[in-house]
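Residues per chain are reported as follows:
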Amino acid sequence: MTDYPPPNHIQPSPFAQSPPAFPREDHSIHEPAMALETPGEIDNEFIKEKRKKLGWFFWCCVVWFGLNVFVAIFVNFLPIQDPTLEVATDPNLPVNSGPTAAHWLGTDESGRDIFSRILHGSRVSLEIGFGGMLIGFAIGGTLGVYAAYRRGRFDSLLSIFMFTILAFPAIVFLIAFSAVWKPMDLNKIIILLSVASIPAVYRVIRGSTLAAASREFITAAKVQGASDFRIIFKEILPNILPTAISFFMIGVATLIILEGGLAVLGVSVPPPEPSWGNMINEGTTFINSPNSGVGPWLVLFPGIAFFLLLLSINTIGDKLRDFFDVTEGKL
Amino acid sequence: MGRYLVKRLVFLVWILLSVMFLAFLIIHLLPGDPAQAILQQGWTPQLGAALNKSLGLDKPLWQQYLSYVWNMAHLNFGTDWISGQPISQTLSQCLPPTIEMVLLSQLLALVLAIPLATLAALRPSGIFDRLANMGSFGLLSVPTYVVITLLYIPISEWLGVPNSGPASYVPFTQDWLANIESLSIPIIALSIGSFVVYFRVFRADLITSLQDEFITMARSKGISKSRILFRHAYRPSSVALLSAIGVNMAGLITGTFIAESVFQINGVGGQLLQATQQPDYQLIQAIVFVTATLIILINFAIDLLTGYIDPRISRD
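Draft legend 1. Summary view of the domain arrangement of chain B. Residues and elements named next belong to chain B. When the domains of chain B are assigned, the result is domain 1 (2-73) and domain 2 (87-315). Each partner contributes to the interface: domain 1 provides 17 residues, whereas domain 2 provides 17 residues. Of the roughly 1700 Å² buried between domain 1 and domain 2 on both sides combined, carbon and sulfur atoms contribute 81%. It is Tyr4, Leu12 and Ile27 that lose the most area in domain 1 upon contact with domain 2, and together they represent 32% of the buried surface on that side. Counting across the interface, domain 1 meets domain 2 through one salt bridge.

Here's what the structure looks like:
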């Protein structure tokens, strides 16, 4: 296993004790931001080492996101009404009612409880977001790291292929495929969306691997005789992880938005399954027939659910990227 | 620039060929028989075979593919097997409202985003900048379809546009004012999502550009602020904005399709959804090809423009 000497076996260089050629603390990196109007006070702020904090808003978003995940997993054990219970089976249910004590977010035109449907819908959104991105990362990420590390013909051919798919307008093809691949179900949607996400993941991961692989410590590891496996897992992966995590979160948000769009168009998971996009799709009837008695809450509440989940995912991704963003000057 | 142009052109042709191939696959890798989809209940083996022969579907796949590529390259989409109408006629009816919505919403988004982003970037971390930054980050999490559906009632009441979605579309050549009025709500709703993206991208880039050394240089030469802004800072900052327009196109198309289906406008999206319900594979194929080509051409134009604005991109 130890085909390269551990660091303490290296003979100390005779120059080891000599002072470094450049002072360690080089504040020229932290130059003050120069805008057209630069107030003088900014200078102090930039020279001071700012301790990075994630902030309270980040933790609020983590809590909300965790709540969504919890609901998505345990929704069947929660004491809420059956989301498919209709007026047809239970005539006592109110139809098109606004929020009441019994139905917190009201009911739709067939008497189904909107609150319960929203809780069930979070499962569809999260499964699609995370399922699609996990497959996307498993395939696109692996290929991206491998291609950027190997380079050569494999990399160029794969890159041409990936950039070709990337140039396709995904949504048009998604709609067309959903038409020919009937009947649609959750697994098929996840497969289609992950195929759409693979090239994007590939591009990002390949790019950051390329940047990491050209750094000096990779050369150092190679010179020491480290195996490819070790270099990829111990040297490259930790360096691309921050980018990967934040891109993963942004990708999850994008897939959730995309699936919602397909559902609003009526080509995603078929209707009896409660999903937020389906609910908005059913709710849009209130626009085209204002006197049908369907209230705006049918669109409003799934919209809020979308907004809060996406906001929390985007914030988590954004703050994590800022938090892990190590500038070259500090290395 | 010349080599860059050639490179982009080669990629353009390659992408168009791939799009054609995939659009062809959608029909021909289908389980089942197109003739069955056309005749539906009236399908018998003899009738199906006769129809396949008359449509040329009995030939080997490569012959079909060649004639298909030939027809697509000449924009000859043929006659719809199901409705019997020429497909080019259907397309010429449903393309104008979609294209108009896309163009006008982008115009509106840019007209709003550029001045506001400049205002924010001139005083980074100022009150306006912080508020706008927070607000736009929040809006980033609101999908366009939520905006479209939620904004419909307040806007339509405010503008006094009747609440009835369908049938209000008036062709531009007939009465341009009524035409814009009939599409005003979808255009406003669509522009919000694009505006947020453009605002954020342009603001971030303008702040970086304004911190660059050549701006300090220009300031020390005593060039006026407005000249620095318009002549020096806008150009490097607009590269990212241009590529954001290209990336945003996918979301915009989804939004346009949804706007069409919500407001019942007879556009490409509505036509495509109708075709998927039939399913009218020939129409699906034609719409996929035309929409994809338009989006790819837009991206091609953006690539060329980026190469012109930033010659470093076109040089290598």
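Draft legend 2. Highlighting the packing of aromatic side chains. Within the structure shown, the criterion is met by 19 aromatic pairs over all chains. For the pair A:Phe65 and A:Phe130, a centre-to-centre distance of 5.8 Å together with 35° between the ring planes defines the contact as tilted. Pair noted here: A:Phe65 is in helix H2 (residues 55-74) and A:Phe130 is in helix H3 (residues 114-150), with a separation of 65 residues, a long-range link. An aromatic cluster is built from A:Phe65, A:Phe130, A:Phe137, A:Phe247 and A:Phe248, whose rings are joined through pairwise contacts. One Lys or Arg, B:Arg235, reaches over the ring of B:Tyr308 and ends 6.0 Å from the middle of that ring.

Draft legend 3. Quick look at the packing of helix H10 (residues 225-263) of chain B against helix H12 (residues 281-309) of chain B. Residues and elements named next belong to chain B. The N-to-C vectors of H10 and H12 enclose an angle of 170°; their axes lie 9 Å apart at closest approach. The angle between the axes of H10 and H12 places the two elements in the roughly antiparallel class. Contacts between H10 and H12 involve Arg235, Ser238, Val239, Leu242, Ser243, Ile245, Gly246, Met249, Ile253 and Phe257 on the former and, on the latter, Thr291, Ile295, Ile298, Asn299, Ile302, Leu305, Thr306, Tyr308 and Ile309. For the contact of H10 with H12, the residue count by class is twelve nonpolar, six polar and one charged.

Draft legend 4. Looking closely at helix H4 (residues 61-73) of chain B. Residue and element names in this part refer to chain B. Its 13 residues place the ends of H4 18 Å apart at the C-alpha level, agreeing with the 18 Å of an ideal helix rising 1.5 Å per residue. Of all the positions in H4, only Gln64, Tyr68, Val69 and Met72 are classed as buried. Around the axis of H4, the buried residues are gathered within 135° of arc, so they sit on the same side. H4 presents Trp62, Leu66, Trp70 and Ala73 as exposed residues on the side facing more than 90 degrees away from its buried surface. Residues of H4 that are buried sit in contact with helix H1 (2-28) and H12. Looking one or two residues past H4, Leu75 carries a phi angle of roughly 55°, positive in sign.

Draft legend 5. Structural context of a nonpolar patch on the surface. A contiguous nonpolar patch, built from A:Trp64, A:Leu67, A:Leu300, A:Ile304, A:Leu308 and B:Leu150 and spanning about 450 Å² of accessible area, is present on the exposed surface. Those elements that place two or more of their residues in the nonpolar patch are H2 and helix H11 (297-324) of chain A. The element that contributes the greatest number of residues to the nonpolar patch is H11(A), accounting for three residues. Structurally, the position occupied by A:Trp64 is in helix H2. For A:Trp64, a relative accessible area of 35% gives the class partly exposed.

Rules of the game
Residues numbered from 1 in each chain as written. Chains lettered and ligands numbered in written order. Predicted model: local features only at pLDDT ≥ 70, side-chain atom pairs only at ≥ 80, totals over all residues. Heavy atoms only, no water. Domains from an automatic or database assignment. Contact = heavy atoms within 4.5 Å. Buried area = accessible area lost by both parts, 1.4 Å probe. Salt bridge = Lys/Arg side-chain N within 4 Å of Asp/Glu carboxyl O. Phe/Tyr/Trp six-rings, centres within 6.5 Å; stacked < 30°, edge-to-face > 60°. Helix = DSSP H or I, 4+ residues; strand = E, 2+ residues; numbered from the N terminus. Lys NZ or Arg CZ within 6 Å of the ring centre and 35° of its normal. Axes fitted to C-alpha atoms, helices over the stretch in contact; angles between N-to-C directions. Parallel < 35°, antiparallel > 145°, perpendicular 65-115°, else oblique. Nonpolar A, V, L, I, M, F, W, Y, C, P; charged D, E, K, R; others polar. Expected span 1.5 Å × (residues − 1). Buried < 20%, exposed > 50% of the residue type's maximum accessible area, 1.4 Å probe, protein only. Arc of directions from axis to C-beta. Patch = residues over 30% accessible without salt bridge, like charges linked within 9 Å, V, L, I, M, F, W, Y side chains within 5 Å. Areas by Shrake-Rupley, 256 points an atom, 1.4 Å probe, with all protein chains shown as cover.

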